[in-house]
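# Analysis of the macromolecular model
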Amino acid sequence: MDRLTNTIRPYAWGSTTAIPALLGAEPTGEPQAEMWMGAHPGAPSRLDRGAGGTTLSAVIAADPEGELGSAAVAKFGPALPFLLKILAAGAPLSLQVHPDLAQARAGFEDEERRGVPIDAGHRNYKDANHKPELICALTPFDGLCGFRPPREAADLLEGLGVDSLKPYVDLLRAHPEEAALREVLTAVLTADREEMARTVTETAAAAERLGGPYAPYAGLVHDYPGDPGVIAAMLLNHVRLQPGEAMFLGAGIPHAYLDGLGVELMANSDNVLRCGLTPKHVDVPELLKVVVFEPSAPGVLRPEGGAEEVYETPIDEFRLSRFVLAPGGAPHTLPDAAPQILLCTAGAPTAGELTLAPGQSVFVPAGEKVELSGSGTIFRATLVL
């Protein structure tokens, strides 16, 4: 078992205080958006087994079966298939979707064949993997997830009293659901930028004045003035997670995180297609191939089980569970068939011989037995064999 040293990513939307508060550190004044735990090449965790520091990705590459187990390598290949994060949103993230596995492979191969540099701003596919993800709230956490029913979205837009939204309202009411959502999102993202900027300004002013169901959308314009994503966001469901609640995001489901601190677990990928709320590249034709144009209620997940509370998802690449350890409680021995990362978010629990503080994490290779004890909260990230 290895104590991990992890990279904090300073994305502009990150909170300046949430991750420092979790770690018990002084804020730097700069945004601290995500802390990555895993072996993603963009920011692999570091560890030291006595021969000097190295990366978790290098350790796994040197002995995949020894670190991951033969069953995991046979099923997922010689790499850790998940990435664990602490995510701290101080401003809205981009409105986005993720491809399924076939779309990711085809898109990656196409961009490789065309020689698009992997770090190019207009590159859509950074790798050949899909990116299903799960976000579990540590604080009250606001997000947008999945399309509203078109008639409900039409009522919401009409209630703003903005004349330039009327064509979208009419489209939402005049077509079958899939066609309505596709036509309106396409129209919003391809509208004249100056006209859209005026519509966004009027929409934001009306949303701020009306409040209520419009409140989650009113502040978007302050971070992204004139961005068509402000209108696109109103096609989506607003969801507020309470601490301990989670939300699963599959391929093609448009979503955005607005505010809050959470534990995020995903397949080991960085493939994102953006719809708006971003200064970055928006590839509308490619986006429209990936989005699933059907209404979907944001299913709020609550952990199930006894000592190990599991967040059930339909994905084998990752599995998230939580232990809330009470003082004087019996220790818990973890299954050892698969690799795992353990993350402390509260208290001072013990994993094996290591005591963890909030924000600290360890990597446990397959085949190594670990006992959890003490008092605090530990999230366990592993995979399904």
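The notes below deal with the structure included here.

## Side note on helix α5 (residues 101–113)
In a regular helix each residue adds 1.5 Å, so 13 residues correspond to 18 Å; α5 covers 18 Å between its end C-alpha atoms and thus fits that length. Along α5, the positions that sit buried rather than exposed are A104, G107, F108 and E111. An end-on view of α5 places all buried positions within 100 degrees of arc, on one side of the element. In α5, those exposed residues whose orientation departs by more than 90 degrees from the buried face are A102 and R113.

## Some words on the sheet that holds strand β1 (residues 2–3)
Spatially, the six strands line up as an open sheet ordered β1-β21-β18-β23-β16-β15, and their pairing is antiparallel. The open sheet is flanked by β1 and β15 (309–311), the only strands paired with a single partner. Across six bridges, strand β18 (residues 340–347) lies against strand β23 (residues 376–382) in antiparallel orientation. Across the sheet, L343 pairs through a bridge with F379, a residue of β23.

## Section: the sheet that holds strand β22 (residues 371–373)
Judged by pairing direction, the sheet is antiparallel, and its four strands sit side by side in the order β17-β22-β19-β20 without closing on themselves. Looking at which strands have only one partner, the edges of the open sheet turn out to be β17 (332–333) and β20 (354–355). As paired strands, β17 and β22 are joined by two bridges and run antiparallel to one another. The residue bridging H332 from the neighbouring strand is L372, located in β22.

## Brief notes about the pattern of salt bridges
This model, assessed by the stated rule, comprises 20 salt bridges. K289 is the salt-bridge partner of E286, the closest N and O atoms lying 3.3 Å from each other. Of this pair, E286 and K289 both sit in helix α13 (residues 284–290), three residues apart, roughly one helical turn. For the salt bridge of E308 with R380, the shortest nitrogen-to-oxygen distance reads 2.9 Å. With a gap of 72 residues between them, E308 in the loop between β14 (300–301) and β15 and R380 in strand β23 connect regions that are remote in the sequence. What makes E308 buried here is its relative accessible area of 19%.

So, how was this worked out
Residues numbered from 1 in each chain as written. Predicted model: local features only at pLDDT ≥ 70, side-chain atom pairs only at ≥ 80, totals over all residues. Heavy atoms only, no water. Helix = DSSP H or I, 4+ residues; strand = E, 2+ residues; numbered from the N terminus. Expected span 1.5 Å × (residues − 1). Buried < 20%, exposed > 50% of the residue type's maximum accessible area, 1.4 Å probe, protein only. Arc of directions from axis to C-beta. Pairing = 2+ DSSP bridges. Salt bridge = Lys/Arg side-chain N within 4 Å of Asp/Glu carboxyl O.

In short, shape yes, function no, at least from these values alone.
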